[in-house]
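What follows is each chain in one-letter form.
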Amino acid sequence: MNIFVTQDSYFFVHKYFISIFEENDKELIFVRENKRGLLKKYKEFICEFGFLNFSKVCILELKYFLKFYKRKNKLNFKYVSDFNLNKVLETKLITNKYTSIISIGCPCKINSFLQKEFKVDIYNIHGGIIPFQRGRFSPIKAFKKKHKYIGATIHKISETFDKGEIISQESIKILSNDQIIDYYDKVLKLSSFLLKEFLKGN
């Protein structure tokens, strides 16, 4: 059985990942950030995206929240604060046998010691080409730096962010007429494809 850990973002979760989460043998945790973390994220988001794009994403969040409300009974999920995530994961690993923990846009760091302590693999689905595009909002930062390619990576977590063993990776070329949100959307789609392929073999 897998545990999926993801951010409390309806646009991010629903467009490409909700069908994966609805399948059997999976437990889902939505991580809610504390107020300080949210303010920091929104500030960084506006700086990287611009206010107009930020407004568009807010509208998409509302749209996909309504879709989530209709389908939430099909999901085995719970909400956890970012402060309590590692404690919750440790408790789950003590009481149950899980195959792996898979982080998809999780807004906080999962303790890497859990891998050795409980002999469980912990993977991260990262929206960027590691090691060149690390950190939050990688697609937008790569776009602004005029990178020629963006992509998605599945890697094992490590003590340092986005530096673990790479399991799989795919890239796509940035087209001159791509808009930032369209481009970000392509990365989400590619990330979900990599996850589906990964789950087929595990």
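In this text, all values refer to a predicted model and were calculated from it rather than measured experimentally.

### A short note on the overall build of the chain
Okay, so step 1: Looking only at helices and strands, one finds 8 helices and 7 strands in the chain.
Okay, so step 2: Taking 2.2 N^0.38 as the reference for a compact globule, 202 residues should give roughly 17 Å; the C-alpha atoms of the chain span a radius of gyration of 16 Å, in line with that estimate.
Okay, so step 3: With respect to the three principal axes, the spread of C-alpha positions in the chain is 50 × 35 × 35 Å.
Okay, so step 4: Classification of the 202 residues of the chain by burial places 49% in the buried group.

### Structural notes on the packing of aromatic side chains
Okay, so step 1: Taken as a whole, this structure holds 10 aromatic pairs when the rule is applied.
Okay, so step 2: Taken together, a centroid distance of 5.8 Å and an interplanar angle of 85 degrees make the contact between phenylalanine 30 and phenylalanine 68 edge-to-face. Of this pair, phenylalanine 30 sits in strand S2 (residues 26-32) while phenylalanine 68 sits in helix H4 (residues 51-71), and the two are 38 residues apart along the sequence. One exposure class covers both phenylalanine 30 and phenylalanine 68, and it is buried.
Okay, so step 3: Members of the aromatic cluster, each reached through a chain of ring pairs, are Phe30, Phe68, Phe77 and Tyr79.

### Looking at the environment of leucine 89
Okay, so step 1: The residue leucine 89 is located in helix H5 (residues 85-95) in this model.
Okay, so step 2: C-alpha separation for the pair leucine 89 and valine 5, spaced 84 residues apart in sequence, amounts to 9.6 Å.
Okay, so step 3: Sequence-distant contacts of leucine 89, defined by excluding residues within four places in its chain, comprise Ile3, Val5, Ile29, Ile101, Ile110 and Leu114.

### Side note on the sheet that holds strand S5 (residues 121-126)
Okay, so step 1: Ordered in space as S3-S2-S1-S4-S5-S6-S7, the 7 strands form an open sheet in which the pairing is mixed. The two strands at the open ends of the sheet, each matched to only one other strand, are strand S3 (77-81) and strand S7 (166-173). Put simply, the sheet's adjacent strands are angled 20 degrees from each other on average, direction ignored.
Okay, so step 2: Taken together, the 5 bridges between S2 and S3 define a ladder with parallel strand orientation. By the bridge assignment for S3, arginine 32 is matched with serine 81.
Okay, so step 3: Sheet strands in contact with H5 are strand S1 (2-7), S2, S3 and strand S4 (100-104), and its direction is about 160 degrees off that of S2.

### Some points on the pattern of salt bridges
Pairs can form between side chains of opposite charge once their charged atoms are near each other.
Okay, so step 1: Tallied over the full model, the rule gives 5 salt bridges.
Okay, so step 2: Linking aspartate 8 and arginine 32 is a salt bridge whose minimum nitrogen-to-oxygen distance equals 3.1 Å. Residue aspartate 8 is found in the loop between S1 and helix H1 (10-16), and its partner arginine 32 is found in strand S2; the two are separated by 24 residues along the sequence.
Okay, so step 3: Residue lysine 200 pairs with glutamate 197 through a salt bridge whose shortest N-O separation is 3.1 Å.

### Notes on the pairing of S2
Across a regular strand the side chains alternate sides, sitting on one face of the sheet and then on the other.
Okay, so step 1: Here S2 lies mainly inside the structure; 6 of its 7 residues are buried.
Okay, so step 2: Both S1 and S2 contribute to a ladder of 6 bridges, which runs parallel. Considered in S2, the bridge of valine 5 is made with isoleucine 29.

### Examining the nonpolar core
Okay, so step 1: Phe4, Phe17, Phe21, Phe49, Ile102, Ile104 and Leu195 are the most contacted members of the largest nonpolar core, which totals 36 residues.
Okay, so step 2: Residues Ile3, Val31, Phe118 and Ile157 belong to the second largest nonpolar core, which totals 19 residues.

Cut-off values and rules
Residues numbered from 1 in each chain as written. Predicted model: local features only at pLDDT ≥ 70, side-chain atom pairs only at ≥ 80, totals over all residues. Heavy atoms only, no water. Helix = DSSP H or I, 4+ residues; strand = E, 2+ residues; numbered from the N terminus. Rg over C-alpha atoms; globule rule 2.2 N^0.38 Å. Buried < 20%, exposed > 50% of the residue type's maximum accessible area, 1.4 Å probe, protein only. Phe/Tyr/Trp six-rings, centres within 6.5 Å; stacked < 30°, edge-to-face > 60°. Contact = heavy atoms within 4.5 Å. Pairing = 2+ DSSP bridges. Axes fitted to C-alpha atoms, helices over the stretch in contact; angles between N-to-C directions. Salt bridge = Lys/Arg side-chain N within 4 Å of Asp/Glu carboxyl O. Core = buried A, V, L, I, M, F, W, Y, C linked by side-chain atoms within 4.5 Å.

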